[in-house]
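What follows is the residue order along each chain.
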Amino acid sequence: GSHDYDNYLSDLRLDLNTWYQYDIYYVDGILSVTVRDEQGEVLIHGTADCLDMDIEYTDIGSFALSDDGYSYFDNFSIEECDQVPEPQISIEPETINFGEADYWTLSPDHIEIRNDGNADLSISNIVATGESFEVDFPGQFDLAPGASRTIVVTFTPQEIGEINGLLTISSNDPNVQDISINLCGEGIPSHSHRIVEIGGDLWGIVFTPDGNTAYVNDEHGGLVIPINAETEEAQEPIEVEELARMSAITSDGHNVFVSCGPDYVYKIRTSDNTVSERIFVDSDPMGMVVAPGDQYLYVARWTNNDVAVVDLSNNQIVSIIELATRPEYVVLHPNGDELWVTCNYGNSVYRINLQTNQVLGNPIEVNLPHGLALSSDGQFAYVTMPESDQVSVISTNDRQVLRTIDVGDQPRGVLSYGEYFYVTNRGDGTVQKISKDDFSISETYTVGGHPHYIALRPGTNTAYISIGVDGPIHILELEEPPQQPQISIVPEAIDFGDVDYWSPVTAQIEISNDG
């Protein structure tokens, strides 16, 4: 105590214009002193003896405070009191049990902080530990004696099962500066948001055409994990090699292709989930597409700046299509006649004619493009740009960028479905639902981790999202597209047979709406 006091006296001699606050209490024959600066921070606190002060006083009344002959206080009058005024924190409840909550669904609760003391209580910080818990702390605030304040605490389960955390409140209560209460809850699967626990650094996803099985790549584990889409359970992994990234599948669903390592594409037979071929393609293969007819595989080669065309009858490269720097993502246009390819460092999107294997027109300029999706009618392309945290919307008719939209941190995957497109943001662990009508962000889903890619299960509104770094597969139920009218006419043709000239003959057709 004396060291702090000496420093204080030295500072005081240097700056006599500084304001200090002195709280002096006389309780049961003991004199206590507290010195604070202009911000209310305590510089000295304790009894006269422990502070090594020379205090002259006669019971109750006038006294002087001095040190080394310097007198700082004269003729101060004090009165005896029953106790030293001090704040006293009280918190209710002492534990918050949120109970069962749907996975990634926010559940709010609250605590009440009350000051049961006889001096102002200052709350300097409130912190929730555990990724599933958050607290709405507005910043430092004070409570007068007898006053209280409600603080909202939320539970958003980021895993299935029991989850525990702590809420720690820091204050100026001299008897307990930090007080903690227990937080607990249980995450349960929900209909609209579920997970399949896998682990690993998950990348590309591809479904069999019937939608019964998904194949997910674990990049660093060198594995391909089949998932039974009916039971949503992972099956025995298939060993390939490191850097298992992107996937493609034949239209009959018999073979899955996985780009791996620096040089190879693995061919997996889906009937028994075994590797049937190891195709040498060289130059860091990335995105792939099997062309209609299942005869050719188109492979983006990252370091060669091209797309290689592999004849699947003999697994040989038969054509090379030169592009810009770092081709990455490949998508088949709904018309089946052309491919769209993002070239990351080339700041461009290319189109390739599948009949001639030639580049169509000029590349479309996009800043460091990554993921790509096309609308079901082929009218629009949606391109993610991780470096600028944006998505570009491109008209496929005139190849012009219609709109650039600010999204989350490091957008990567993108999926077009119904009236919305969905973007995975690797940097902030979210998926955003964006309107195709006005390009507004209508919802943001928190999935955590580092979401990479998103794929739609055929014939459903269910999307699978791959999560990097010890990630699971997140399953989202997307908003169903609005019902559209669909005309049906029976019969499709009417044969009136032989009819006399100018003699009317009638027939009937039935028009129905099958939409």
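What counts as what
Residues numbered from 1 in each chain as written. Predicted model: local features only at pLDDT ≥ 70, side-chain atom pairs only at ≥ 80, totals over all residues. Heavy atoms only, no water. Phe/Tyr/Trp six-rings, centres within 6.5 Å; stacked < 30°, edge-to-face > 60°. Lys NZ or Arg CZ within 6 Å of the ring centre and 35° of its normal. Pairing = 2+ DSSP bridges. Helix = DSSP H or I, 4+ residues; strand = E, 2+ residues; numbered from the N terminus. Axes fitted to C-alpha atoms, helices over the stretch in contact; angles between N-to-C directions. Core = buried A, V, L, I, M, F, W, Y, C linked by side-chain atoms within 4.5 Å. Buried < 20%, exposed > 50% of the residue type's maximum accessible area, 1.4 Å probe, protein only. Contact = heavy atoms within 4.5 Å. Patch = residues over 30% accessible without salt bridge, like charges linked within 9 Å, V, L, I, M, F, W, Y side chains within 5 Å. Areas by Shrake-Rupley, 256 points an atom, 1.4 Å probe, with all protein chains shown as cover. Salt bridge = Lys/Arg side-chain N within 4 Å of Asp/Glu carboxyl O. 1 Å grid on protein atoms, 1.4 Å probe; cavity = no way out; pocket = protein on both sides within 12 Å on 5 of 7 lines; lining within 4 Å. Points joined across faces, edges and corners; volume = space filled by probe spheres on them. Nonpolar A, V, L, I, M, F, W, Y, C, P; charged D, E, K, R; others polar. pLDDT = per-residue confidence, 0-100. Polar contact = N/O pair within 3.5 Å; in protein donor to acceptor, adjacent residues only side chain to side chain.

Let's talk about the packing of aromatic side chains
Aromatic ring pairs are defined here through the distance separating the ring centres and the angle between the ring planes. Across all of its chains, the model carries 11 aromatic pairs by this definition. Through successive ring pairs, a cluster of aromatic residues spans Phe98, Phe133 and Phe155. When the ring centre of Trp203 is taken as reference, the NZ or CZ atom of Arg245 above it lies at 6.0 Å. Over the aromatic face of Tyr420 sits the side chain of Lys433, whose NZ or CZ is 4.4 Å from the ring centroid.

Some words on the sheet that holds strand S43 (residues 450-456)
Spatially, S16-S45-S44-S43 is the arrangement adopted by the four strands of the open sheet, whose pairing is antiparallel. For this open sheet the edge positions go to strand S16 (193-196) and S43, each flanked by a neighbour on one side alone. Going across the sheet, the axis of each strand differs from the next one's by a mean of 25 degrees, ignoring polarity. Examined bridge by bridge, S16 and strand S45 (residues 473-477) share four bridges and lie antiparallel to one another. Each residue of the ladder has a partner; that of His193, found in S45, is Leu476.

Some remarks on the nonpolar core
Ile111, Ile113, Ile123, Leu167 and Ile169 are the most contacted members of the largest nonpolar core, which totals 21 residues. Elements represented by at least two residues in this core include exactly strand S7 (89-92), strand S8 (95-102), strand S9 (107-115), strand S10 (121-129), strand S12 (141-143), strand S13 (148-155), strand S14 (161-171) and strand S15 (178-188). Ignoring anything within four residues of it in the chain, the contact list for Ile169 reads Ile89, Ile91, Ile111, Ile113, Ile123, Asn125, Ile126, Gln177, Asp178 and Ile179. Core analysis: the next-biggest nonpolar cluster, separate from the first, contains 17 residues, Met246, Leu374, Met385 and Tyr453 among them.

Overview of unusual backbone geometry
Following Glu92, the chain continues to Pro93 via a peptide bond in cis, the omega torsion being -5 degrees. Here Pro93 is to be found in the loop between S7 and S8. In this model, Val490 is joined to Pro491 through a cis peptide bond whose omega is 0 degrees. Turning to its location among the elements, Pro491 is positioned in the loop between strand S46 (487-490) and strand S47 (510-513). Despite not being glycine, Asn305 shows a phi value in the positive range, around 60 degrees. In this structure, Arg326 is a non-glycine residue whose phi angle is positive, near 60 degrees. One can find Arg326 in the loop between strand S29 (316-322) and strand S30 (327-332). We classify Arg326 as partly exposed; its relative accessible area is 22%.

Structural notes on a nonpolar patch on the surface
A cluster of nonpolar residues, Ile487, Ile489, Ile494, Phe496, Val499, Val505, Ile509 and Ile511, forms a patch on the protein surface that exposes about 720 Å² of accessible area. On the accessibility criterion, Ile487 (62% relative accessible area) is exposed.

Quick word on the layout of surface pockets
As a volume, the largest pocket reaches approximately 1300 Å³. Every residue lining the largest pocket is counted, 42 residues in all, and those nearest its centre are Val206, Val331, Leu332, Leu415 and Leu456. Those elements that place two or more of their residues in the lining of the largest pocket are strand S17 (202-207), strand S22 (247-249), strand S26 (285-290), S30, strand S35 (372-374), strand S39 (411-417) and S43. Of the residues assigned to the lining of the largest pocket, the class counts are 28 nonpolar, 12 polar and two charged.

Describing the confidence of the model for the protein
Overall, the prediction assigns the protein a mean pLDDT of 86, with 83% of residues at 70 or greater. Note that pLDDT drops below 50 for residues 48-80; the model gives that stretch 73 contacts with residues more than four away or on any other chain.

Section: the sheet that holds S14
Pairing between the strands of a sheet is mediated by backbone hydrogen bonds and can be parallel or antiparallel. The five strands lie next to each other as S8-S15-S14-S10-S12, forming an open sheet whose pairing is mixed. What marks the edges here is a single partner per strand, and that holds for S8 and S12. Put simply, the sheet's adjacent strands are angled 30 degrees from each other on average, direction ignored. Looking at chain direction, S10 and S12 are connected through three bridges and run antiparallel. Bridge assignment links Ile123 to a residue of S12, and that residue is Phe141.

Observations regarding the side chain of Ser247
One can find Ser247 in strand S22. Polar side-chain contacts of Ser247 include one of 2.7 Å to the side chain of Asn217. Apart from the residues within four sequence positions on either side, Ser247 is in contact with Gly204, Val206, Asn217, Phe257, Val258 and Met288.

What about the pairing of strand S19 (residues 223-228)?
Pairing of strand S18 (residues 213-218) with S19 involves six bridges; the strand directions are antiparallel. Paired with Asp218 across the bridge in S19 is Leu223. Taken together, S18 and the strand that follows it, S19, pair antiparallel across an intervening segment of four residues, in which Gly222 is found at a positive phi of about 65 degrees. With two bridges connecting them, S19 and strand S21 (residues 238-239) associate as antiparallel partners. Residue pairing in the sheet places Leu223 in a bridge with Glu239 of S21. Strand direction decides the pairing type here: S19 and strand S20 (residues 233-234), joined by two bridges, are antiparallel.

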